[in-house]
Amino acid sequence: MSRIAAPAPVSERASPYQGLTPFTPEDTPYFFGREQDTEIITANLIAERLTLLYGPSGAGKSSVLGAGVVHNLRERAQREIARGDPPEYLVVFFNDWRNEPVAALAQEIEKQLQAFAPPPPAEITLAAALRAWSAQTGAELLFIFDQFEEYFLYHENDKRDDNFAAQFANVLKDADGRANFLLSFREDALAKMDFFKFFNDWRNEPVAALVQEIEKQLRAFAPTPPAETTLAAALRAWSAQTGAELLFIFDQFEEYFLYHENDKRDDNFAAQFANVLKDADGRANFL
């Protein structure tokens, strides 16, 4: 089956001055000076399962994503198709957080990818839908979630078991998934990102360091629960105290083995983390 993607729309504007409105992929001919930022962000998006991009309001995050990253990735896909090759990467830009996110994202994926392949059969979960679209297009999917802080603004009271937060956590854990994600949000909204617990201090004793980091990042949302003797019990206590499911990002995890490969204690981090993963009562996911 031959695939011919529609040409990218061209902006009809006559002035390079944008004002406060973000630049879009159609505005790329008028977008200058962010080439290095575009290259760095694109490289991270391709290389990493999850990238967090944040900065002050008005710094141009949406513009560099739209007129820089999205435009360049779509041009790359067009060149590959013109050579008769399937595109290696396909990018989806999404920022509609006001509506129900899972349904809105599914619609936007079809809208942005239908030029490259017919829509696959509808799937029940977001993870299954992304696997289906990747199989249908033969490409790795790159998602840019812009203005991500608005998800919490519009859906902080959504406690359903299959809400976007829960389904997105499952996507990140999906070993068969071929999708990477970039979340862009305002710097002043960083404190609202309790959806993520970021940890990368592997040099020190990991269990103690992680417990300290959990308290540091969550104490703004709930009082510290009583100290527990195991990591699994501590995570259950924090989840109960906050009423939330916890999602942990363990960055640079290879450093754990660098610093602690000779730690043979029965209650070392590896043993306790294994117990956490087996804990049927736990409400925590890990990346």
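Now for a look at the structure at hand. (Residues numbered from 1 in each chain as written. Predicted model: local features only at pLDDT ≥ 70, side-chain atom pairs only at ≥ 80, totals over all residues. Heavy atoms only, no water.)

### Some thoughts on the nonpolar core
Right, so step 1: Counting residues in hydrophobic clusters, the biggest one holds 36 residues, and the most contacted among them are Phe143, Phe145, Phe148, Phe164, Phe168 and Phe181.
Right, so step 2: Sort the elements by how many residues they give to this core and helix 6 (residues 164-173) lands first, with six residues.
Right, so step 3: If we skip the residues at most four places from it in the chain, Phe181 touches Leu45, Arg49, Leu50, Thr51, Leu130, Phe143, Phe145, Phe168, Val171 and Leu172.
Right, so step 4: Grouped together as the second largest cluster of nonpolar side chains are 20 residues, Leu218, Ala232, Leu235 and Phe286 included. (Core = buried A, V, L, I, M, F, W, Y, C linked by side-chain atoms within 4.5 Å. Buried < 20%, exposed > 50% of the residue type's maximum accessible area, 1.4 Å probe, protein only. Helix = DSSP H or I, 4+ residues; strand = E, 2+ residues; numbered from the N terminus. Contact = heavy atoms within 4.5 Å.)

### Some words on the pattern of salt bridges
Right, so step 1: For the coordinates displayed, the defined rule picks out ten salt bridges.
Right, so step 2: With a shortest N-O distance of 2.6 Å, Arg131 and Asp174 are connected by a salt bridge. Taken together, the residues span a long stretch of sequence, with Arg131 in helix 4 (residues 126-137) and Asp174 in the loop between helix 6 and strand 4 (179-186) at a distance of 43 residues.
Right, so step 3: Residue classification places Asp174 among the buried positions, given a relative accessible area of 13%.
Right, so step 4: Arg160 is the salt-bridge partner of Asp158, the closest N and O atoms lying 2.8 Å from each other.
Right, so step 5: On the accessibility criterion, Arg160 (40% relative accessible area) is partly exposed. (Salt bridge = Lys/Arg side-chain N within 4 Å of Asp/Glu carboxyl O.)

### Examining unusual backbone geometry
Right, so step 1: Residues other than glycine seldom take positive phi values, yet Gln147 does so here, at roughly 55 degrees.
Right, so step 2: In this fold, Gln147 is placed in the loop between strand 3 (140-145) and helix 5 (149-155).
Right, so step 3: A positive phi angle, near 55 degrees, is found at Gln252, a position not held by glycine.
Right, so step 4: Relative to the helices and strands, Gln252 resides in the loop between strand 6 (246-250) and helix 9 (254-260).
Right, so step 5: Of the residues examined, Gln252 reaches a relative accessible area of 35% and is grouped as partly exposed.

### Focus on the packing of helix 7 (residues 206-218) against helix 8 (residues 231-242)
Between two packed helices, the angle of one axis relative to the other and the distance separating the axes together describe the packing.
Right, so step 1: It is the contact of helix 7 with helix 8, at a shortest axis distance of 11 Å, that shows an interaxial angle of 5 degrees. Judged by the angle between their axes, helix 7 and helix 8 are roughly parallel. Residues Leu210, Val211, Ile214, Glu215 and Leu218 of helix 7 pack against Leu231, Leu235 and Trp238 of helix 8.
Right, so step 2: Partitioning the contact of helix 7 with helix 8 into residue classes produces seven nonpolar, no polar and one charged. (Axes fitted to C-alpha atoms, helices over the stretch in contact; angles between N-to-C directions. Parallel < 35°, antiparallel > 145°, perpendicular 65-115°, else oblique. Nonpolar A, V, L, I, M, F, W, Y, C, P; charged D, E, K, R; others polar.)

### With respect to the environment of Leu52
Right, so step 1: With respect to the element layout, Leu52 can be found in strand 1 (residues 50-55).
Right, so step 2: Classification of Leu52 by relative accessible area gives partly exposed; the value is 31%.
Right, so step 3: Not counting the four nearest positions on each side in its chain, Leu52 is found in contact with Leu183 and Phe185.

### Remarks on the side chain of Asn163
Right, so step 1: On the secondary structure map, Asn163 appears in the loop between helix 5 and helix 6.
Right, so step 2: Looking at Asn163, its side chain comes within polar contact range of the main-chain oxygen of Asp158, at 2.8 Å.
Right, so step 3: If near-sequence neighbours (up to four positions away) are discounted, Asn163 is found in contact with Tyr151 and Asp158. (Polar contact = N/O pair within 3.5 Å; in protein donor to acceptor, adjacent residues only side chain to side chain.)

### A few points about helix 7
Right, so step 1: For helix 7, which comprises 13 residues, the first-to-last C-alpha distance of 18 Å matches the rise-based estimate of 18 Å (1.5 Å per residue) to within 8%.
Right, so step 2: Listed in full, the buried residues belonging to helix 7 are Pro206, Val207, Ala209, Leu210, Ile214 and Leu218. On an axial view of helix 7, the arc spanned by its buried residues comes to 160 degrees, and they lie on one face. Looking at helix 7, the residues exposed on the side facing more than 90 degrees away from the buried face are Gln212 and Lys216. (Expected span 1.5 Å × (residues − 1). Arc of directions from axis to C-beta.)

### Some words on the packing of aromatic side chains
Right, so step 1: Under the counting rule described, the total for this entry stands at 37 aromatic pairs.
Right, so step 2: Centroid distance Phe148 to Tyr151: 6.0 Å. Interplanar angle 15 degrees. Geometry classified as stacked.
Right, so step 3: Look at Tyr151 and you get buried, because its relative accessible area is 4%.
Right, so step 4: Between Phe199 and Phe250, the aromatic rings sit 6.1 Å apart at their centres with planes inclined by 70 degrees, giving edge-to-face as the arrangement. One end of the pair, Phe199, is in strand 5 (residues 197-199); the other, Phe250, is in strand 6, with 51 residues separating them in the sequence.
Right, so step 5: Note on Phe199: relative accessible area 2%, which makes it buried.
Right, so step 6: Linked through ring pairs, Phe94, Trp97, Phe143, Phe145, Phe148, Tyr151, Phe152, Phe164, Phe168 and Phe181 together constitute an aromatic cluster. (Phe/Tyr/Trp six-rings, centres within 6.5 Å; stacked < 30°, edge-to-face > 60°.)

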